[in-house]
Amino acid sequence: MDAVEQAKSGHPGLPMGAADIATVLFTKFLKYDAADPTWPDRDRFILSAGHGSMLLYALLHLTGVKGMTVEELKNFRKLDSKTPGHPENFMTPGVETTTGPLGQGIATAVGFALAERMLNAEYGNDLVDHYTYVLASDGDLMEGISQEAIALAGHLKLNRMIVLWDDNGISIDGPLSISDSVDQVKRFQACGWNAVRIDGHDPKAIQRAIARAQKSDKPTLIACKTTIGFGAPKKAGTSKAHGEPLGSEELAGAKAAFGWSHAPFEIPDSIRDAWAKAGKKGRRLRKAWTDRLKARPAEQRAEFERRVKGVRPQGLADAVAKLKDRLVAEPQNVATRKASEIALEVITEAVPELVLGSADLTPSNNTKTKNLTAISPGSYAGRYIHYGIREHGMAAAMNGIALHGGYVPAGATFLVFTDYARPAMRIASLAGIPAVYVMTHDSIGLGEDGPTHQPVEHLAALRAMPKMRVFRPADAIETAEAWQMALERTDGPTTLALTRQNLPQVRKDGGARNLSATGAYELSPANGKARATIFASGSEVEIALAAQKLLAEQSFEVRVVSVPSLDLFLAQPEKVRREIIGDAPIKVAVEAAVRFGWDSVIGPDGIFVGMHGFGASAPYKDLYKHFGITAEAVAEKVLRTHNL
Ligand SMILES: Cc1ncc(C[n+]2csc(CCOP(=O)(O)OP(=O)(O)O)c2C)c(N)n1
């Protein structure tokens, strides 16, 4: 209450209403040691209702997490504090994941709970054996993503996932009854969950319900009936307690109601001691766990430690270099989705923590290599996840899998459906989560399925997302390089945009040097001084090369620059960019997508050959002709500009 009051903004309602739930959970159940908030076998606590962040910060402070001082509580919502408006896992020790967009936390928790079971299947009960607790609000359960999440968790029987729902019946506009009449208990039960209702202010009832949930063979929802802003004389139970400071009168009234006579931020010793004790209760368990880890054979222990720390294996670069040599010896004129499968056959062996999956497009995304087995309900030894037709749920679960530790998740669908996954992809970018999105059917090149399935603005939209890296490889070698870059990256996500249609292999060089690492490089130099540069990505590199040939036949020399990652290229130092862009007077970009973003390479006067609106349904070769994305069109536009 004091922190929200001091910040003059924030949400006191949830912290006050859910304090009883959190107290029982943190003092009686949660397995953690405040001295080491990153201990791999700790229970995870996810505050899905991120607006109630002060509850979490108060808990981290009281249990004694290092750095979570009372000063941080006083600096709530201030720049560079460890107490930002919504919880950020990269700012605050003890925060498991960034939350704030309602629904993300509960959906991310599914990934945490799944990773726990998968790692348990690999390393056994004595190293991996913990619960994932979620505190969710009405808003979390109203969001559509919650359905994808609970359906997946229920199906997979993730019985170590326990959701405590702050069932206070209030949101911003007023009582929930003005907009919702779902029976959440029945909904969860229909999705294969246990679901019970309790009084969320009765510590005994909370304790009994969690104890029972821990023994369940299904995930559990505990609907905790609470009063928002519990204790505030007038605002309790109303939307006024939700998102604004209580104000001095209500604050004083609430403190009086609780018999609290201490100054703001002052915590009496007896209470401080009791919480400090709670913060230490996992210490013995952690020490015993460390002993068990030490008792493992050295190699196994080192591998476990490497994986949970997120360090990539030694063999990746070597495996990719060898694959590239093989591709040079035996060129593959295949779709880049197929090239990705070829790369994965090698990479999945080199990177045992890579876990693949698809939102029900496995045969189209080419993500399930022969060496991977799928996990199934109750059986978690495997490295492939059938996420079902749940793109958003998949992307959020991937965040949880990555944040849990021990795995690198790669999930797939069609590029156009990144729209369905985008809010979770944005969290991955913001929170620096190294997930990989395998997005196939990346342009009008998918053909007959038509404009609903043909992405045109998606590359630009993804490139605009800070810290998201987008690769659109041109052939099998660039695809292997893109996979290498995606997996070597540990500070953010990568999208691979891959074709449905076959492409010629344009690269003739193998070996360890990764040309895609600068985002763009000269693929085919001019024979003499270049009069134009053609930049292209993915399937249009082939068109750029054909245009180069056509122009050469007319003694007009141009160079071709392949741009597998426009955003990575634009992030290069100016010198590198200048060198690759070159000084040929005419600049052309060819990409079967909208122009947005390309001006930073070709300038406003550059020639753009691509899409100017939505696609159409037809065989892909007809579409390329129809939309004028052809070598002839490129050559003609270059010559016309030259002759101006
Ligand atoms: C996806 C998303 N939409 C909208 C919001 C804005 N928002 C923040 S809190 C809130 C109401 C939440 O009500 P409830 O979940 O019942 O929380 P309580 O009022 O009980 O604290 C809304 C709409 C958001 N954070 N995320």
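Residues numbered from 1 in each chain as written. Predicted model: local features only at pLDDT ≥ 70, side-chain atom pairs only at ≥ 80, totals over all residues. Heavy atoms only, no water.

Applicable threshold: UniProt positions are given in the numbering used here, feature names are shortened, and annotations may be inferred rather than shown by experiment.
Labelled according to an unreviewed UniProt entry, the protein chain appears under the name Transketolase, originating from Microvirga vignae. The UniProt entry for the protein chain carries this comment under Catalytic activity (unreviewed entry): "D-sedoheptulose 7-phosphate + D-glyceraldehyde 3-phosphate = aldehydo-D-ribose 5-phosphate + D-xylulose 5-phosphate". Taken directly from UniProt, the Sequence similarities (unreviewed entry) text for the protein chain runs: "Belongs to the transketolase family."

1. Details of the overall build of the protein chain
The line we're drawing: A run of H or I in DSSP becomes a helix once it reaches four residues, and a run of E becomes a strand once it reaches two; helices and strands are each numbered from the N terminus. We compute the radius of gyration from the C-alpha atoms alone; for a globule the expected value is 2.2 Å times N to the 0.38, where N is the number of residues. Note on classification: 1.4 Å probe, protein chains only; a residue is buried when its accessible area is under 20% of the maximum for its type, exposed when over 50%, partly exposed between these limits. Throughout, a residue-residue contact means that at least one pair of heavy atoms, one from each residue, lies within 4.5 Å. Only the protein chains shown count as cover for residues, and all accessible areas are computed by the Shrake-Rupley method using a 1.4 Å probe. The charge count includes Lys and Arg as positive and Asp and Glu as negative, but it does not include His or the ends of the chains. A charged residue contributes its charge at one atom only: NZ of Lys, CZ of Arg, CG of Asp or CD of Glu.
Broken down by element type, the protein chain carries 27 helices and 18 strands. Relative to the 2.2 N^0.38 estimate, which gives 26 Å for 644 residues, the radius of gyration of the protein chain is 27 Å and therefore close to what a compact globule would have. Summarising its shape, the C-alpha atoms of the protein chain cover approximately 90 × 55 × 45 Å along the three principal directions. Considering the protein chain as a whole, with its 644 residues, one finds that 60% of them fall into the buried category. Counted over contacts in the protein chain with a minimum sequence separation of 6, partners at least 24 positions apart contribute 77%. Accessible surface, the protein chain: about 25000 Å² in total, of which carbon and sulfur atoms supply 53%. Across the protein chain, the 75 positively charged side chains and the 73 negatively charged ones have centroids separated by 4 Å.

2. A closer look at the side chain of serine 146
What counts, and what does not: Polar contact is the term for a pair of N or O atoms within 3.5 Å; when the atoms are in protein, one must be able to donate a hydrogen and the other to accept it, and sequence-neighboring residues count only if both atoms are side-chain atoms.
When you line up the elements, serine 146 lands in helix H8 (residues 144-155). For serine 146, a relative accessible area of 0% puts it in the buried group. Looking at serine 146, its side chain comes within polar contact range of the main-chain oxygen of leucine 141, at 3.1 Å. For serine 146, the residues in contact, after removing those within four places along its chain, are Ile106, Asp140, Leu141 and Arg187.

3. So, the environment of glutamate 488
Locating glutamate 488 in the fold gives a position in helix H21 (residues 476-488). Residues glutamate 488 and arginine 312, 176 residues apart in the sequence, show an inter-C-alpha distance of 6.7 Å. In this structure, glutamate 488 is in contact with Arg312, Leu316 and Ala317, ignoring residues within four places of it in sequence.

4. Remarks on the pattern of salt bridges
The cut-off we apply is this: Counted as salt bridges are all cases of a side-chain nitrogen of Lys or Arg within 4 Å of a carboxyl oxygen of Asp or Glu.
Counted by the stated rule, this structure contains 36 salt bridges. Between arginine 296 and aspartate 126 there is a salt bridge whose closest N-O contact spans 2.6 Å. Taken as a pair, arginine 296 in the loop between helix H13 (283-295) and helix H14 (298-309) and aspartate 126 in the loop between helix H6 (104-123) and strand S2 (132-137) lie far apart in primary sequence, 170 residues in all. Among the residues examined, arginine 296 registers a relative accessible area of 16% and is labelled buried. We note a salt bridge from aspartate 183 to lysine 186, for which the minimum N-O separation is 3.9 Å.

5. Quick word on the site of the ligand
The criterion, for reference: Here a residue is near a molecule or strand as soon as one of its heavy atoms is found within 4 Å of it. Only Asp, Glu, Lys and Arg are considered charged in this grouping, and only Ala, Val, Leu, Ile, Met, Phe, Trp, Tyr, Cys and Pro are considered nonpolar; every other residue, Gly among them, is considered polar.
If you check the shell around the ligand, you find 15 residues, and the closest are Ser137, Gly139, Asn168, Ile170 and His242. Within the backbone of glycine 100, an N or O atom sits 2.9 Å from a nitrogen atom of the ligand. Between the ligand and leucine 102 there is a distance of 3.0 Å, counted from a nitrogen atom to a backbone nitrogen or oxygen. Isolated, the ligand exposes 590 Å² of accessible area, and the fraction of that covered by the protein chains is 74%. If you list the elements that add at least two residues to the shell around the ligand, you get helix H7 (138-142) and strand S4 (170-171). For the shell around the ligand, the class distribution of residues is six nonpolar, seven polar and two charged.

6. A short note on the packing of aromatic side chains
The line we're drawing: Put simply, two rings from Phe, Tyr or Trp (the six-membered ring, in Trp's case) pair if the centres are within 6.5 Å, and we call them stacked under 30 degrees between planes, edge-to-face over 60, tilted for the rest. Any Lys NZ or Arg CZ found within 6 Å of a ring centre and within 35 degrees of that ring's normal is scored as a charge over the ring.
All told, the structure shown has twelve aromatic pairs when counted by the stated rule. Note on phenylalanine 414 and phenylalanine 417: the rings are 6.0 Å apart at their centroids and 25° apart in plane angle, and the pair reads as stacked. Here the aromatic cluster, defined as three or more aromatic residues joined through ring pairs, consists of Trp39, Tyr123, Trp289 and Phe304. In this structure, arginine 307 packs its charged tip against the face of tyrosine 407, placed 5.0 Å from the ring centre.

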